[in-house]
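Breakdown of the fold
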Amino acid sequence: MRRAGPPVRARYALVRTSLREVWDFVIRNIAIIAHVDHGKTTLVDQMLRQAGAFRANQQVAERVMDSNPLERERGITILAKNTAVNWHGTKINIVDTPGHADFGGEVERILRMVDGVLILVDAAEGPMPQTRFVTRKALALGHRPIVAINKIDRADAEPLRVHDEVLGLFIDLDATHEQLDAPFLYTSSRAGTATTELDQPGTDLVPLFQAILDYVPEPKSDTSAPFQMLVSTLDFSSFLGRIAIGRIERGRVRVALAGFEGIEIGKTFTSVDHQERMAGIAVEEPTISVDFIVNNSPFAGREGKFVTSRQLRDRLFRELERNVALRVEPTDSPDTHAVAGRGELHLGILMETMRREGFEFQVSRPRVITREGPNGERYEPYEELMIDVPEEYMGAVMEKLGPRRSEMTEMKNPGQGMVRMTFKIPARGLFGYRSEFLTDTRGTGIMHHRFLEYGPWAGPLSGRKRGVLVADREGTVVAFALGNLQERAQMFVAPGDLVYEGMLAGENSRPADLDVNVTKEKKLTNMRTTATDDNVILEPPRQITLEYALEYIEEDELIEVTPKSIRLRKRQLAATDRKKAARAAARVENAS
Ligand SMILES: Nc1nc2c(ncn2[C@@H]2O[C@H](COP(=O)(O)OP(=O)(O)OP(=O)(O)O)[C@@H](O)[C@H]2O)c(=O)[nH]1
Ligand SMILES: [Mg+2]
């Protein structure tokens, strides 16, 4: 897919000199990289605190760098951000990066802007798939990393084992001698301590600051040379248009630059008389795609401010200005746009942001983006899946992953009753697996996956094992009706919710879909049989989040997203239409 979009009206660029200041100063530029949740943002808090960025009595939120509301709610970093501290006269620019695999491309670009990296590895979990990815990129760029074995305060921490595993990873990734010589620190982001020797507990982060000063080279740009800057990331302002952010390799800028046409990531700005390009930055290709469709449910327009096809289209194209891994393609229908991204979280964050802005829309089931292989055959994306589970659940996991066409590539039994398994699995095979996994391991398992490579199409995969309950009419959900249904189903709706014909009301415990009346009142009689009749005890409905919904729905279903609700529905709302379609499909099947 090519990047498509309307022309940007205001083609102005402002060069942000965030990482290389105009004035001369002793500077260190460092990025903190790690697998998700290994403690990057918490460490930045402590670095800011200990370098005196806050007043002694200042109330500071935890994880200050996770400043946008979605980040705070989910407790994860979505956008890389930079901050700076002054450590005894040295200005340390710190870039906090996201650890989730969907945002790996952004980390890769950030690595081009800094002179050093701090690799954080959880002292219990050890190197995880994303640790491997960011470490590989950092080493390939020639960075000499500083390694922090973090969370050593954890009861299950095994810092020495993890130290060895990190060295093993470096060797695996063909680190140079110099890189293998990386300084190792044992840290607790939470406590704000670092030490080089495990038998001497740390008391503060001084050893970390010292390591940054000692091992991260000074930026080597030459401010008197002709100007050259590599654009590594984009931002957007409605006043300025596209904003190019990057690292100035040479020269200096005193004023904002304006009026550049068609700035893209990987392009180089130079002075006119010295036009030398720098090696470009590859922007990662999307692997999954969903349709964004104008909301045409019977409840359309009730809860959102922006609902028209025009508004939806403009909003999606505007997103392209800064969301570089995203693609938007028009389709045959003006009401539908195919939006492609790096994963369910990447697309889910866009949907969540839009609904908070007041948009209403519908989305289809995600599909993988296939490619042509070397001999013209069909290729699809494969993921590396890493699973940690207590031994007793190993069987359950393997039983489910087999039919999903996974292949185990490694199994380790590091003791303590846990098993770590690594699989190669088609991205399609993972759709809908997370919720099954959590059920199968009673919430004790941990799973992570990230894009691995394109490979030959793995063949057909079976879909959802259970059918759904479909509301057969519009109305208000009644407790009495749910009471009768819940024995054979798990509900998605609660009493008082509004439903329409074709909306999904629950999951059937059997494979078939079932049309049900969830608005059915109890027949009123003069006689009360038993007192309990009136008090149905209802199981709480299943919480449907956007990410859950994306994994859950089938091809003949849609997710209706509004600022207030997430509803699941059949594409064909009328039961009669669905029956007709099912009969037609069966005829085709019989004929073939
Ligand atoms: N025990 C312990 N927990 C920690 C430590 N550092 C961070 N945590 C916890 O780990 C969780 C994740 O911390 P974050 O700082 O958000 O991790 P992150 O690496 O920024 O995560 P992403 O940005 O989503 O990749 C939080 O619940 C922290 O409180 C530590 O040193 N010890
Ligand atoms: Mg973070």
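For the structure, see preceding data.
Described in the following lines is the structure provided in the data block. Computed from a prediction, not measured in an experiment: that's the story for all the values here.

Cut-offs applied
Residues numbered from 1 in each chain as written. Chains lettered and ligands numbered in written order. Predicted model: local features only at pLDDT ≥ 70, side-chain atom pairs only at ≥ 80, totals over all residues. Heavy atoms only, no water. Helix = DSSP H or I, 4+ residues; strand = E, 2+ residues; numbered from the N terminus. Buried < 20%, exposed > 50% of the residue type's maximum accessible area, 1.4 Å probe, protein only. Contact = heavy atoms within 4.5 Å. Areas by Shrake-Rupley, 256 points an atom, 1.4 Å probe, with all protein chains shown as cover. Donors = N, O, S within 2.8 Å, 3.2 Å for Na, K, Ca; no water. Axes fitted to C-alpha atoms, helices over the stretch in contact; angles between N-to-C directions. Parallel < 35°, antiparallel > 145°, perpendicular 65-115°, else oblique. Nonpolar A, V, L, I, M, F, W, Y, C, P; charged D, E, K, R; others polar. Pairing = 2+ DSSP bridges. Near = heavy atom within 4 Å. Expected span 1.5 Å × (residues − 1). Arc of directions from axis to C-beta. Polar contact = N/O pair within 3.5 Å; in protein donor to acceptor, adjacent residues only side chain to side chain. Right-handed = clockwise from strand over helix to strand, strands pointing away. Core = buried A, V, L, I, M, F, W, Y, C linked by side-chain atoms within 4.5 Å. Left-handed = near helix turned anticlockwise from the far one by under 90°. Phe/Tyr/Trp six-rings, centres within 6.5 Å; stacked < 30°, edge-to-face > 60°.

Check the secondary structure of the chain and you find 15 helices and 28 strands. Sorting the 592 residues of the chain into buried and exposed places 52% on the buried side. Intrachain contacts of the chain at a sequence separation of at least 6 include 73% that bridge at least 24 residues. Carbon and sulfur atoms make up 50% of the accessible area of the chain, which amounts to about 28,200 Å² in all.

The next thing to look at is the coordination of the magnesium ion (ligand 2). In the first shell of the magnesium ion (ligand 2), the protein supplies T41 (OG1) and T77 (OG1), at 2.0 Å from the metal. Linking T41 in helix α1 (residues 40–50) with T77 in the loop between α2 (69–74) and β2 (81–87), this pair joins segments that are 36 residues apart in sequence. Its relative accessible area of 8% is what places T77 among the buried residues.

Packing of α1 against helix α7 (residues 206–215) brings their axes to within 11 Å, and their N-to-C directions diverge by 90°. Considering their axes alone, α1 and α7 lie roughly perpendicular with respect to each other. Between α1 and α7, the contacting residues are L43, M47 and Q50 on the first element and L208, F209 and I212 on the second. Partitioned by chemical class, the residues of the contact of α1 with α7 number five nonpolar, one polar and no charged.

On to the pairing of strand β3 (residues 90–96). Burial runs high along β3: seven of the seven residues are buried. Covered by surrounding structure in β3 are T90, I92, I94 and D96 together with K91, N93 and V95, the residues of both alternating faces. One ladder, built from six bridges, connects strand β1 (residues 27–33) with β3; its direction is parallel. Counted as the bridge partner of I32 is D96 from β3. As paired elements, β2 and β3 share seven bridges and run antiparallel to each other. Residue pairing in the sheet places K81 in a bridge with D96 of β3. In sequence, β2 turns back onto β3 through a hairpin of two residues, with H88 there showing a positive phi of about 45°.

For the rest of this paragraph, the subject is the site of ligand 1. Taken together, 19 residues are adjacent to ligand 1, and K40, T41, T42, T77 and D153 come closest. Expressed as a share of its isolated accessible area of 650 Å², the protein-covered part of ligand 1 is 88%. A total of three residues in the shell around ligand 1 trace back to one element, the largest contributor, which is α1. Residue classes in the shell around ligand 1 are distributed as two nonpolar, 10 polar and seven charged.

Note that an α-helix has 3.6 residues per turn; residues three or four places apart therefore point the same way. Compared with the 20 Å implied by 1.5 Å per residue over 14 residues, the 20 Å span of helix α5 (residues 159–172) between its first and last C-alpha is a close match. Of the residues making up α5, those classed as buried are P159, V162, H163, V166, L169 and F170. The arc that holds the buried residues of α5, viewed along the axis, is 120°, so those residues lie on one side. Set apart from the buried face of α5 by more than 90 degrees, the exposed residues are L160, D164 and I171. Residues of α5 that are buried sit in contact with β4 (116–122), α4 (129–140), β5 (146–150), α6 (177–180) and β6 (184–188). Remark: D174 follows α5 within two positions and exhibits a positive phi of approximately 60°.

Here the focus is the side chain of R542. Position of R542 relative to the elements: it lies in the loop between β26 (514–516) and α14 (546–552). Reaching out from R542, the side chain makes a polar contact with the side chain of Q490 at a distance of 2.7 Å. Here the side chain of R542 touches E507 through a polar contact of 3.1 Å, side chain to side chain. Here R542 is in contact with Q490, M491, F492, E507, Y548 and Y552, once residues within four sequence places are set aside.

Here we take up the pairing of β5. Counting buried positions over the five residues of β5 gives five, a clear majority of the element. Alternating residues of β5 divide into I146, A148 and N150 and V147 and I149, and every residue in both groups is buried. Sheet topology places β4 next to β5; five bridges connect them, and they run parallel. Bridging from a neighbouring strand, L118 pairs with I146 of β5. Viewed along the sheet, the connection from β4 through α4 into β5 turns out right-handed.

Now for the nonpolar core. In terms of nonpolar packing, the biggest core is built from 35 residues, with F292, M351, F361, V363 and L568 touching the most fellow members. For this core, the secondary-structure elements that each account for two or more residues are β11 (288–293), α8 (309–319), α9 (344–356), β14 (361–363), β21 (468–471), α14 and β27 (557–561). For this core, the element with the highest residue contribution is α14, accounting for five residues. For L568, the residues in contact, after removing those within four places along its chain, are F492, M503, L504, I544, A549, Y552, I553, L558 and I559. Ranked by size, the runner-up nonpolar core spans 29 residues in total, among them A80, I110, L139 and F170.

Time to look at the sheet that holds β21. Ordered in space as β23-β25-β21-β26, the four strands form an open sheet in which the pairing is mixed. The open sheet is flanked by β23 (489–491) and β26, the only strands paired with a single partner. Strand-to-strand, the axes of this sheet are offset by a mean angle of 30°, without reference to chain direction. Sheet topology note: the β23/strand β25 (residues 504–508) ladder contains three bridges and is antiparallel.

As a packed pair, α8 and α9 sit with axes 12 Å apart at the nearest point and diverge in direction by 130°. Taken together, the axes of α8 and α9 lie oblique to each other. For the pair α8 and α9, the crossing hand works out as right-handed. In this structure, α8 contributes L312, R315, L316 and E319 to the contact, and α9 contributes L350, T353 and M354.

All right, on to the sheet that holds β3 then. Across the sheet, seven strands lie side by side as β2-β3-β1-β4-β5-β6-β7; this open sheet has mixed pairing. Across the chains shown, the open sheet's two edge strands, defined by having one partner strand only, are β2 and β7 (193–195). The sheet shows a mean angle of 25° between the axes of neighbouring strands, direction not considered.

Under the criterion given, the structure shown has eight aromatic pairs. Between F292 and F361, the aromatic rings sit 5.2 Å apart at their centres with planes inclined by 20°, giving stacked as the arrangement. Of this pair, F292 sits in strand β11 while F361 sits in strand β14, and the two are 69 residues apart along the sequence. Each of the two residues, F292 as well as F361, counts as buried.

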